[in-house]
Amino acid sequence: MSYVALYRKYRPYNFSNVVGQDTIVKILVNSIKSNHISHAYLFTGPRGTGKTSLAKIFARAVNCLSFKEDLCDECTNCKALKENDIDIIEIDAASNNGVDEIRTLRDNVKLMPSFCKYKIYIIDEVHMLSTGAFNALLKTLEEPPSHVIFILATTEPNKIPLTILSRCQRFDFNRVSTEDLVSRMKYILKQEKKELDENVLNYIAESSDGCVRDTINLLDQVISLNKGKQTDIRDIDRLSGKISTDVIFDILNCILSEDYAKLLTISEELSTQGKNLSDVVNHLLTILRDIQIFKQLNNYFDGDYKQKLSQIQINSNDILIFSKSLNELLTEMKYTNNQKTLFEIYLMHLTEIVNEKKEKDMQKIDELRSESNLNNTFFVFNTDNENNLNDNLELNNNEQGNLAFEKTIQDDDVQTSMFNENNKSDINELRQIRINNVFAGANKDELKRVQEGFDRINDYISNKKYNALVQVLDDTSIVVASSDLLMIKVNDSGALSIFNNNIKQIEIFLNEIYKREYRIVAVTSDEWTKLKEEYIFKKKNNIPYVIIDENSVKLEVSKGSQDIEDAATDIFGQNVVNIK
Ligand SMILES: [Zn+2]
C-alpha cells in the first residue's frame, strides 16, 4: 500500500476532529441546527489553520439529512458525499486568475445540485482573483440561487474588494494553540502506535507557529526518523530548517572562549545543513539583546532559557560592540556570494576583540604586580551598594580596562574604629581584602571540615558567654574556607551589619569551636550569588586572585565597641535577652 502523508490521512472529516477554532465550529454547527445558513462565507486567517478543511466539513454538514451536533455519517447524503463530492466544487484562485472558472461558475450556478440540498463553491486563495473575476463573482453573489453556498478562503482579506466582503459572513481563524496542536499529535501518535517525548511534541508545535499543516507534516518527518523516544530537539531543528537556540549559545561561547576550531566546525555544519546564515546572525543579535535584558531585569525570562542567559559572561560594553559588528555583517552579507566566509571572518574578529581585552587585563595585573610592592597595593572592589560587585566584575573586561586598584591605605587611617558604623568604607576595604583572600586560598576539604564542625555552635546555646552569638550565627552558613579565613553567608544587609558590629567576638567564638585561628568575613546572600559568578568567571578566564596582606589593617574593635550583650539586644531588644 502506498504511503499516505499524515496530514492527508488525519485531515479532519467531522467538526469534532477540527483542531482549535472551537468558536467558529460552534457558530457553524448552531447555524446549521437552526437553519440560518448564509449564501456566502469568508474564512480568513493564517495558512494551515484549517480554513479549507472546515469549508469542506461545512459543505457536507449543510447537506447532512440528520445533522445533530455533527455529521451523522449515516444518511444518504453523508454516504454519497464520501463516494462522490460532485456538488462540492473547489476553485483554486492561485493557479490562474480564475476568470474562466468564475465565468463557468456563473453559468453553472443556476443548475441544481446533482443529489444534495446545496451546491457549494469553495474558492481558495480568493484574493488572487483578477478584477475581472471579482466582478463576475460579484454578479453571482448579488443574486445567489437559493441552492448555492459560497465559501471564500483567504490569508489576505485586505486584498478583497469591499463589495465582495460586504456580502459575506466573515470568520477569522486563529493560529492554533500549542496545547491544541500537542493534543492532536498525541491522538495521531496513538493511532500510529508511535511514541515521542512530550518536550519534543511541544517543540514541534512551537516550531510550526500555530499552523496545523506544518505541525503534522513535521510530525510525519519526525516519525519517519524512527528514533522514537530518542528523538531530540536538534532532530527537529534539522528537519524544520530552524536553527536551534543551543547552537547560537554554542557560537557565543566559542567567541567568548576563543575557540576558533569549534566555531569553524559549527559554521561548517550550519552550511552543510543549508541553514541561512543571516538567520543565525539575527538569532545571535536576539540572544545578545536578551542577555542585556537579563542583566537589567533578572526575572524577565524564566526556565531553561534564563539559565542559559545567566551562564554567558559578557559585559554590556561588549554586547554593544558585538551587536554593531553583527549588524554590519548582516548588511555585508546581502552583497556577497560567499556568506559563509564573511560569517567566519566576522565571528573570528569578535573573538579577537575579546582576546585583546583579556591580554590587556593580564598585562595590567602584571604591571601592577611588578611596579609596586604588593603589600602596599590593595585590590579593591567597591561595595557601597551590592550591584557594584557585578559592575566591577564587568570592569575586568572593560575598554578602559582593567581592575579597580587603589593604593595603600595607611595604618593610621584604618586602625581605629574599624568596625564602626561611621566608617563603612574602611569596613568595606577590609571585607574586600578578606573576600579576595579567602577565594585566593579557597580549599574544598577545609570547607567541608569547618562546615561539619559548624553545628557545634549549638552546644553553646545555654552558655552564658556565647549564647547571644549562637543566635547571631543562626541561619548563617560557611560558604568558602581557606586555611586561615572563613567566609560566612548571612541573610541580608541588616544581618550583615549586626555581624560586622560583633565580628571580633564571633571570631573568638569560632576559634574556640575550631581550636584554630580563623579570621572571618561575612557576605549577604545577594553578594554571595555575585561573588560566585565572579569566581567562576575568573577561573574560566584564568584571572588569578592575588593575595593581599591585610596586616596594615588591624582588626580593632571600635571605640564604644559592642559587647556580647549589645549584640543580642541589637537583634532581640533589651528585655528578651538576659545575660548574667
Ligand atoms: Zn448525514
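Residues numbered from 1 in each chain as written. Predicted model: local features only at pLDDT ≥ 70, side-chain atom pairs only at ≥ 80, totals over all residues.

Examining the overall build of the protein chain
For the protein chain, the helix and strand inventory stands at 26 helices and 10 strands. Relative to its full complement of 580 residues, the protein chain shows a buried share of 32%. A fraction of 75% describes how many contacts in the protein chain between residues 6 or more apart in sequence connect residues 24 or more apart. (Helix = DSSP H or I, 4+ residues; strand = E, 2+ residues; numbered from the N terminus. Buried ≥ 20, exposed ≤ 12 C-beta atoms within 10 Å, placed from the backbone. Contact = placed C-beta atoms within 7 Å.)

Here's the deal with unusual backbone geometry
A positive phi angle is found at N226, which is not glycine, with a value near 65°. Along the chain, the position of N226 falls in the loop between α10 (212-225) and α11 (233-240). Residue class for N226 comes out exposed when judged on the 9 C-beta atoms lying within 10 Å of it. Unusually for a residue other than glycine, E258 sits at a positive phi of about 55°. In this fold, E258 is placed in the loop between α12 (245-256) and α13 (260-272). For E258, a count of 14 C-beta atoms within 10 Å puts it in the partly exposed group.

Concerning the sheet that holds strand β1 (residues 40-44)
Taken together, five strands build an open sheet; the order of strands is β2-β3-β4-β1-β5 and the sheet is parallel. Two strands bound the open sheet, and with one partner strand each, they are β2 (88-92) and β5 (169-172). Neighbour-to-neighbour, the strand axes of this sheet turn through a mean angle of 15°, independent of strand direction. The sheet contact formed by β2 and strand β3 (residues 119-124) spans five bridges and is parallel. (Pairing = 2+ DSSP bridges. Axes fitted to C-alpha atoms, helices over the stretch in contact; angles between N-to-C directions.)

Here we look at the nonpolar core
With 63 residues, the main nonpolar core has I151 and I204 as its most contacted residues. Aside from chain neighbours lying at most four places away, what touches I204 is M185, T215, L218, L219, V222 and I236. Residues I478, L485, I498 and I503 belong to the second largest nonpolar core, which totals 29 residues. (Core = buried A, V, L, I, M, F, W, Y, C linked by C-beta atoms within 7 Å.)

Observations concerning the packing of α10 against α11
Between α10 and α11, the shortest axis-to-axis distance is 10 Å and the interhelical angle comes to 120°. Classified by the angle between their axes, α10 and α11 sit oblique to one another. Seen along the crossing, α10 lies across α11 with a hand that is right-handed. From α10, L218, Q221, V222 and L225 reach across to α11, where they touch D235, I236, L239 and S240. Classifying every residue of the contact of α10 with α11 by side-chain character gives five nonpolar, two polar and one charged. (Parallel < 35°, antiparallel > 145°, perpendicular 65-115°, else oblique. Left-handed = near helix turned anticlockwise from the far one by under 90°. Nonpolar A, V, L, I, M, F, W, Y, C, P; charged D, E, K, R; others polar.)

With respect to the pairing of strand β4 (residues 148-154)
When you tally the buried positions in β4, you get seven out of seven residues, the bulk of the element. A two-sided burial pattern is seen for β4, the buried positions comprising V148, F150, L152 and T154 on one face and I149, I151 and A153 on the other. For β1 and β4, the ladder comprises five bridges, and the chain directions are parallel. By the bridge assignment, A40 is partnered in β4 with F150. Of the strand pairs in this sheet, β3 and β4 are connected by five bridges, and their pairing is parallel. From the neighbouring strand, K119 faces β4, where its bridge partner is V148. Read as a crossover between parallel neighbours, the route from β3 over helix α6 (residues 131-142) to β4 is right-handed. (Right-handed = clockwise from strand over helix to strand, strands pointing away.)

Overview of the sheet that holds strand β8 (residues 477-481)
Strand order in the open sheet formed by three strands is β8-β9-β10, with mixed pairing between adjacent strands. Each edge of the open sheet carries a strand with a single partner, namely β8 and β10 (519-524). Adjacent strand axes in the sheet meet at a mean angle of 30°, parallel and antiparallel pairs treated alike. Two strands pair when backbone bridges link them, and strand β9 (residues 485-490) and β10 are joined in this way by six bridges, in the parallel orientation. Of the residues in β10, the one forming a bridge with V490 is T524. Its contacts with the sheet place helix α21 (residues 444-454) against β8 and β9, and it is angled at close to 160° to β8.

A look at the environment of L256
You can see L256 is positioned in helix α12. The class for L256 is buried, based on 21 C-beta atoms found within 10 Å. Sequence separation of L256 and Q313 is 57 residues, and the distance between their C-alpha atoms is 7.8 Å. Setting aside anything within four residues of it in sequence, one finds L256 in contact with Q313, I314 and V354.

A word on the confidence of the model for the protein chain
Residues of the protein chain with pLDDT of at least 70 account for 82%, and the chain-wide mean is 80. Low confidence marks residues 372-422, where pLDDT is under 50. Its contacts with residues over four positions away, or in another chain, come to 96 contacts. In this model residues 554-580 is a low-confidence stretch, pLDDT under 50, and it forms 47 contacts with partners more than four residues away in sequence or in other chains. (pLDDT = per-residue confidence, 0-100.)

Brief notes about the packing of α12 against α13
The geometry of α12 relative to α13 is characterised by a closest axis approach of 8 Å and an angle of 150° between their N-to-C directions. In terms of their interaxial angle, α12 and α13 are classed as roughly antiparallel. Considering the relative orientation of α12 and α13, their crossing is left-handed. Between α12 and α13, the residues in contact are V247, D250, I251, C254 and I255 and K262, L263 and I266, respectively. Grouping the amino acids of the contact of α12 with α13 by side-chain chemistry returns six nonpolar, no polar and two charged.

Structural notes on the environment of S53
By secondary structure assignment, the location of S53 is in helix α3 (residues 51-63). With 19 C-beta atoms counted inside 10 Å, the residue S53 sits in the partly exposed group. As a C-alpha pair, S53 and N14 span 39 residues in sequence and 9.4 Å in three-dimensional space. Once residues lying within four places of it in the same chain are set aside, the contact partners of S53 are R11, P12 and V18.

Quick look at the environment of F67
Within the element layout of this structure, F67 appears in the loop between α3 and α4 (76-83). According to the C-beta neighbour criterion, F67 is buried, with 20 such atoms within 10 Å. A C-alpha to C-alpha distance of 7.2 Å links F67 and K33, two positions 34 residues apart in sequence. Dropping the residues within four chain positions of it, F67 is found in contact with I32, A61 and C72.

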